[in-house]
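Listed below, chain by chain, are the residues.
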Amino acid sequence: MEDWIPADHPARFLREFVESLDLKSLGFQEGESQEGRPHYGVDLLLKVWLYGYFVKLRSSRQLEWGCRENVALIWLTGRHEPDHNTLWRFWRDHKKALRKVFGQSVEVAPGAELVGMVLQAVDGTKIAAVASTKSGWHRKRAERKLQHLEKLLDAIEGEVEQAEEVERGEARMPEELKDRARLREKIKEVLEELKEREEDHEHEGEPEARMMKTEGRAQFAYNAQVVVDQDSGVIVAQEVVNEETDYGQLVPMLEQVEKNLGAVAEETVADGGYHSAETLGGAQERGYSVLVNRSQEAAAVKKRGEFHASRFDYDQGHDCCVCPRGEELAFEREKWNRRKQYRVRVYRCQSFQQCPVRWQCSRQKRGRTIEISPYHGAVLQQRAKQQDVHKQSLLKKRREIVELPFAWIKQGMGFRRWTVRGLQGTRTQWALLCTVLNLRKLYPLWKAEKLSLSP
């Protein structure tokens, strides 16, 4: 069998990678049984899954076929033929451990000088869930359906009552009425659940999926995140969330980078979807140097002109804000911002009645107010930082750094829809995809004998 596979074949590389891992410490558990045939080793099954993803065989049935027909898989398994149930149980029972394998692919990269730690980029992409959009519950559609059912049921119930009067007896409720009555109760139940969760969409078969815009239309999906190193395109952090936006994901992703590599890059760039005062403040508190595109803020500034909130100077020493005309806005109160979940200080203009640009500045009858968040200093620092021409050039590199891995996964690896359900399942699948992409980066070095994976 050794003659079947060339010395520089990817299967040999993956075998060496798996054999370099301490599988027990990662959480892989060997099966135990007193009767029947011995269990397949977890190392053998991990090799099968990794090689399968390497060559775009991602289902347990495809892998079962591959273990009988694919020469490389036959060689990797030693001519054993695990069936699809065995392969699926391994996946089901080792989701957490499989995600940890990604961290091992990241640990190898710095030793191979593939991670420069100078510039990294973070971004997210929406990938459609297994669940069909058409079979889900949607608030507006359900409300229209409920109104239609109410009218229909009222008409049918009226016909039943008339029949009872004519026949002077009790008429049996038609099956059509029973079915529609049950549907009405089901719709009411779903609408109540959507109201409690403050959601407009839900899928019973995949309750953790959320409606997101992907592939040009809104459908149930998950938001896959990555942090990519500039030098080689190696993914140094990855995650899947069911948040519709990237808001709030920057700091957790950088924390994962620090966990995987021991430190973050000198600079991390992100697009405008990550921009918020809270995010910038959180990054500053942890000592993370970030550049987050201010395109959304810039658009708002352009629209409001000189009266945008960013044109008002905050004087912390005198505890006031100063408008573009030099008028002071005095501190009025603190309030809890429910949407952003932190307290802000509110400053109100006292001279608005005499101001010649009062109505251009604000439509508030009691005068213009400005809210100052606890992270205002971080926002100012970010604005000043992006005045640097060099920093602006780094921001422009974001797309070329982070979009390439997404293109590889979607086009090169043909992955455009999750094949598993639930947040834990999609997290495991994304981790495997990112692991294999990193291994593809390492493979040429191993092939050229510039990388050793021996423990």
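For the structure, see preceding data.
Everything in this summary refers to the structure shown in the same document. Every value quoted in this text rests on a predicted model; they were computed, and no experiment measured them.

About the cut-offs
- Residues numbered from 1 in each chain as written.
- Predicted model: local features only at pLDDT ≥ 70, side-chain atom pairs only at ≥ 80, totals over all residues.
- Heavy atoms only, no water.
- Buried < 20%, exposed > 50% of the residue type's maximum accessible area, 1.4 Å probe, protein only.
- Helix = DSSP H or I, 4+ residues; strand = E, 2+ residues; numbered from the N terminus.
- Pairing = 2+ DSSP bridges.
- Expected span 1.5 Å × (residues − 1).
- Axes fitted to C-alpha atoms, helices over the stretch in contact; angles between N-to-C directions.
- Contact = heavy atoms within 4.5 Å.
- Salt bridge = Lys/Arg side-chain N within 4 Å of Asp/Glu carboxyl O.
- Parallel < 35°, antiparallel > 145°, perpendicular 65-115°, else oblique.
- Nonpolar A, V, L, I, M, F, W, Y, C, P; charged D, E, K, R; others polar.
- Phe/Tyr/Trp six-rings, centres within 6.5 Å; stacked < 30°, edge-to-face > 60°.
- Left-handed = near helix turned anticlockwise from the far one by under 90°.
- Polar contact = N/O pair within 3.5 Å; in protein donor to acceptor, adjacent residues only side chain to side chain.

Now for the pairing of strand E6 (residues 235-241). In terms of residue burial, E6 counts as a mostly covered element, since six of its seven residues are buried. Hairpin remark: strand E5 (residues 217-229) followed by E6, antiparallel, with five residues in the connecting loop; positive phi at Gly-233, about 80°.

Helix length check: helix H17 (residues 423-447), at 25 residues, gives a terminal C-alpha distance of 36 Å against a target of 36 Å (1.5 Å per residue), a fit within 8%. Counting buried positions along H17 gives 18 out of 25 residues, so the element sits mostly inside the fold. Note on H17: the residue one or two positions beyond its end, Glu-449, has a positive phi of about 60°.

Turning our eyes to something else, we now look at unusual backbone geometry. Positive phi, normally seen in glycine, also occurs at Arg-79, with a value near 70°. Its place among the elements puts Arg-79 in the loop between helix H5 (71-77) and helix H6 (84-93). Positive phi, normally seen in glycine, also occurs at Met-117, with a value near 65°. Take Met-117: it is sitting in the loop between helix H7 (95-111) and strand E1 (119-128).

Backbone hydrogen bonds are what pair the strands of a sheet, in a parallel or an antiparallel way. An order of E9-E10-E11-E12-E13 is seen for the five strands of this open sheet, with the pairing classed as antiparallel. Edge positions in the sheet fall to strand E9 (313-315) and strand E13 (369-372), since each has one partner strand and no second. Averaged over all neighbouring strand pairs, the angle between strand axes comes to 35°, with direction disregarded. Here three bridges tie E9 to strand E10 (residues 320-322), and the two strands are oriented antiparallel to one another. Looking across to E10, one finds that Tyr-314 is bridged to Cys-321.

It is worth spelling out the environment of Leu-45 at this point. The topology assignment puts Leu-45 in helix H3 (residues 42-54). Residues in contact with Leu-45, not counting those within four places in the same chain, are Tyr-40, Pro-82, Thr-86, Leu-87 and Phe-90.

Bringing the pattern of salt bridges into the picture now. For the coordinates displayed, the defined rule picks out 18 salt bridges. Residues Glu-206 and Arg-421 are paired through a salt bridge, measuring 3.7 Å at the closest nitrogen-oxygen approach. Linking Glu-206 in the loop between strand E3 (201-202) and strand E4 (210-214) with Arg-421 in the loop between helix H16 (398-412) and H17, this pair joins segments that are 215 residues apart in sequence. Bridged by salt links that share partners, the residues Asp-319, Glu-334, Arg-343 and Arg-345 form one connected network.

Between helix H1 (residues 10-19) and H17, whose axes approach to 10 Å, the crossing angle comes to 105°. If you check the angle between H1 and H17, you find them roughly perpendicular. Together, Pro-10, Arg-12, Phe-13, Leu-14, Glu-16 and Phe-17 of H1 and Leu-439, Leu-442, Tyr-443 and Trp-446 of H17 make up the contact between the two elements. For the contact of H1 with H17, the per-class residue count stands at eight nonpolar, no polar and two charged.

In this section: the packing of aromatic side chains. Evaluation of the coordinates by the stated rule reveals 15 aromatic pairs. Between Phe-406 and Trp-430, the aromatic rings sit 6.5 Å apart at their centres with planes inclined by 35°, giving tilted as the arrangement. Taken together, the residues Phe-406 in helix H16 and Trp-430 in helix H17 connect sequence positions 24 residues apart. Note on accessibility: Phe-406 and Trp-430 belong to one class, buried. For the pair Tyr-443 and Trp-446, a centre-to-centre distance of 6.1 Å together with 25° between the ring planes defines the contact as stacked. Highlighted residues: Tyr-443 and Trp-446, both in helix H17, separated by three residues, approximately one helical turn.

What follows concerns the packing of H1 against H3. As a packed pair, H1 and H3 sit with axes 10 Å apart at the nearest point and diverge in direction by 135°. The angle between H1 and H3 places the two elements in the oblique class. For H1 against H3, the interelement crossing comes out right-handed. Counting all contacts with H1, which are made through Pro-10, Ala-11, Leu-14, Arg-15, Phe-17, Val-18 and Glu-19, the residues of H3 involved are Asp-43, Leu-46, Lys-47, Leu-50, Tyr-51 and Phe-54.

What follows concerns the environment of Gln-382. Here Gln-382 is to be found in helix H14 (residues 376-385). A residue is classified by how much of its surface remains accessible, and Gln-382, at 5% relative accessible area, is buried. For the pair Gln-382 and Leu-280, spaced 102 residues apart in the sequence, the C-alpha separation amounts to 7.7 Å. Setting aside residues up to four positions removed in sequence, Gln-382 forms contacts with Leu-280, Val-290, Leu-291 and Val-292. Among the polar contacts made by the side chain of Gln-382, one reaches the main-chain amide nitrogen of Val-292 at a distance of 2.9 Å.

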